[in-house]
Amino acid sequence: MTTNMNEQEMQTRTSGVTRRSFLAGVGALGALGVLGGLSGCAPQTQEEAAQGSPESNESYDAVIVGTGGAGLSAAIAAYDKGLTNIVVLEKMSAYGGNTNFSSSGMNASETIFQADQNIEDSNDLFAQETLDGGHNTGDPELVAFMCDNSAGAIEWLDDLGITLDNITLTGGMSVHRCHRPTDGSAVGLTLVPGLVAALNNRNIPIRMDCEATELVKDGDAVTGVVVKEDNKTKTLNARAVILATGGLGANQEMVTKYRPDLAGYVTTNQPGATGDGYVMAENAGAQLVQMDQIQIHPTVEQDTSTLVAEGVRGGGAILVNSEGNRFFDEMSTRDKVSAAELEQPGSFAWCVFDQQVYDNNKAIAKYDSAGIVKQGADTAALAQEIGVDAEALAATVAAYNAITTDGATDEFGRTEGCIAFADGNMYAIKVAPGIHHAMGGIRINVKNEALDENGNPIPGLYAAGEVTGGIHGNNRIGGNAVCDIEVFGKNVGEVVAEALS
Ligand code: ADP
């Protein structure tokens, strides 16, 4: 039986870097060194400012759109391969996009850190479990590329000073391969400042509050990007444009265009996740795939849109319904857990845990200070606090404890993260599914080239990260988004540098 007693995934929404209050939270981002202004902005002459000219003489080898993990990694990789005339654009006032909120970690196989910790793994198994998790709707070539290059990305990050050597498990994976910062904290808050520091060290300019609105084409080729900056429209010429604009979760209209059934769902996404990249790419002739594959996450507190990290369940928590009963294997994949939750009375669940889980997950104190954690001095007191039948909850806890203490087989098939609750304080957070991740997007090949409707590369147009589609299929495994953005972000930078050399 696997235990995750070191689970300490930090929930970032309540750390002051909330998605909903992303702009209001820039103070916290500043403290983390992820605010714009720390990196160079392209100089604008007084003359240009006065004129507000729609045209621009600015020309770059590559323009990278988006400062999430994918865009930042692309910039560093391109620069280190000799492509120095580059710029990164960010429409928000803070760096990092949804990557800031990545809580699980980065899945990777055959890594130096797994070897150090005697964890046996293989790229093939990682790929197989990724495809299985996506019910075989992911693109096997992209998945194999991601898994085969995951260990290299872990070492590349380590060389940049971003060490992810605390390894845990996420739902749908049979091997400990989810790599987190040494202290087990949320990966996003280490990754983004680390990558931004690497850009700053290289003097790669980032233009904040600079929104890409349109791709410029000359014949079939993309030759630049139109931006809105300082209330002006400008054109940045580029030999290559890399779209790393993330997903669409904050654009309710676009979400319901592709998935009418998701109307009214809360979102875990930051406000900049408005799907701009899909629109720009599609207008430039790119093919979009699996756009209806929008992942909902099963444990989102609905009033605050707080994502309760998977590590809380991995660390021992259970889900019970309003009757005090468990109803599913909490460590199953996100799609299945979400669906099971929606079948419960009121379509919600209580995420219930004890003091050990509380103490072993850094995130929970943050949730508590946000006022979303209910508490009782024991199981009966908690039952009263959350309005569920006390006897039913006591029986549920006793049956769950028996998995650990008596070696009982769980009636719902849970085998991971089963840790008996101790006597004493008990806690609960009310959760339901929320919009989380766009799994569809721009079709790419393993060179990150954006493909047209016929599967041919569009010259000059590349894409990486959540804006691309086909890797996760119809269900993304926790920890695979960071692997995706790091492997393909690094790759696109290298590919573009090589193509333009
Ligand atoms: P990924 O995980 O793929 O790197 P993120 O969501 O972390 O994606 O980051 C994407 C970033 O792109 C966000 O910071 C978002 O604000 C930014 N972005 C989205 N659309 C635009 C746009 N039109 N112009 C500039 N930046 C954009």
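Before any of the text, the structure's been laid out above.
Conventions we followed
- Residues numbered from 1 in each chain as written.
- Predicted model: local features only at pLDDT ≥ 70, side-chain atom pairs only at ≥ 80, totals over all residues.
- Heavy atoms only, no water.
- Helix = DSSP H or I, 4+ residues; strand = E, 2+ residues; numbered from the N terminus.
- Buried < 20%, exposed > 50% of the residue type's maximum accessible area, 1.4 Å probe, protein only.
- Contact = heavy atoms within 4.5 Å.
- Areas by Shrake-Rupley, 256 points an atom, 1.4 Å probe, with all protein chains shown as cover.
- 1 Å grid on protein atoms, 1.4 Å probe; cavity = no way out; pocket = protein on both sides within 12 Å on 5 of 7 lines; lining within 4 Å.
- Points joined across faces, edges and corners; volume = space filled by probe spheres on them.
- Pairing = 2+ DSSP bridges.
- Core = buried A, V, L, I, M, F, W, Y, C linked by side-chain atoms within 4.5 Å.
- Salt bridge = Lys/Arg side-chain N within 4 Å of Asp/Glu carboxyl O.
- Expected span 1.5 Å × (residues − 1).

1. Things to note about the overall build of the protein
Inference 1: Within the protein, the secondary structure is distributed over 17 helices and 19 strands.
Inference 2: Taken across its 501 residues, the protein has 61% of its residues classed as buried.
Inference 3: Within the protein, contacts between residues at least 6 apart in sequence are counted, and of these 76% link residues at least 24 apart.
Inference 4: Total accessible area computed for the protein in this model is approximately 17,800 Å², and 45% of it derives from carbon and sulfur atoms.

2. Some remarks on the layout of surface pockets
Inference 1: Here the largest pocket is characterised by a volume of approximately 190 Å³.
Inference 2: Lining the largest pocket are Glu301, Gln302, Asp303, Thr304, Phe348, Trp350, Gly371, Ile372, Lys374, Lys430, Val431 and Ala432.
Inference 3: Looking at the lining of the largest pocket, the element that brings in the most residues is strand E16 (residues 426–438), giving three residues.

3. Some details on the environment of leucine 72
Inference 1: Tracing the backbone through its elements, the reader meets leucine 72 in helix H3 (residues 69–80).
Inference 2: Accessibility expressed as a relative area gives 0% for leucine 72, which makes it buried.
Inference 3: On a C-alpha basis, the gap between leucine 72 and isoleucine 206 in space is 9.4 Å, while along the polypeptide they are 134 residues apart.

4. Here's the deal with the pairing of strand E14 (residues 349–354)
Inference 1: Of all six residues that make up E14, six are buried, and the element is covered over most of its length.
Inference 2: Of the two faces of E14, both are covered, the one formed by Ala349, Cys351 and Phe353 as well as the one formed by Trp350, Val352 and Asp354.
Inference 3: In the sheet, E14 pairs with E16 via six bridges, with the strands oriented antiparallel. Along E16, the bridge assignment pairs tryptophan 350 with lysine 430.

5. Observations concerning the nonpolar core
Inference 1: Counting residues in hydrophobic clusters, the biggest one holds 98 residues, and the most contacted among them are Leu89, Leu243 and Ile442.
Inference 2: Sort the elements by how many residues they give to this core and helix H17 (residues 480–500) lands first, with ten residues.
Inference 3: Those residues in contact with leucine 89 that sit more than four places away from it in its chain are Val63, Ile64, Val65, Gly66, Thr67, Arg207, Cys210, Ala212, Val225, Val227 and Leu236.

6. Concerning the sheet that holds strand E4 (residues 166–168)
Strand pairs in the sheet, formed through backbone hydrogen bonds, run parallel or antiparallel to each other.
Inference 1: Taken in spatial order, the three strands line up as E3-E5-E4 in an open sheet, and their pairing is antiparallel. Each having just a single partner strand, strand E3 (106–107) and E4 make up the two edges of the open sheet.
Inference 2: Taken together, the three bridges between E4 and strand E5 (residues 178–180) define a ladder with antiparallel strand orientation. When the bridges of E5 are listed, asparagine 166 appears paired with arginine 180.

7. A short note on the pattern of salt bridges
Inference 1: By the definition in use, this model includes 15 salt bridges.
Inference 2: The closest approach of N and O atoms between arginine 177 and aspartate 121, which form a salt bridge, is 2.7 Å. Taken together, the residues arginine 177 in the loop between E4 and E5 and aspartate 121 in the loop between helix H4 (112–116) and helix H5 (123–133) connect sequence positions 56 residues apart.
Inference 3: Arginine 177 gets classed as buried once you look at its relative accessible area, which sits at 0%.
Inference 4: Here the salt bridges share partners, and the residues they tie into one network are Glu58, Arg207, Glu229 and Lys234.

8. Remarks on helix H8 (residues 188–201)
Inference 1: Helix length check: H8 (14 residues) gives 20 Å between terminal C-alpha atoms against 20 Å at 1.5 Å per residue, within 8%.
Inference 2: Taking burial as the measure, the 14 residues of H8 include ten buried ones, the bulk of the element.
Inference 3: Among the residues of H8, Gly188, Leu189, Leu191, Val192, Pro193, Gly194, Leu195, Val196, Ala198 and Leu199 are the ones counted as buried.
Inference 4: Against H3, strand E2 (86–89), helix H7 (150–159), strand E6 (206–207) and H17 lie the buried residues of H8.
Inference 5: Count one or two residues on from H8 and you reach asparagine 203, which has phi positive near 55°.

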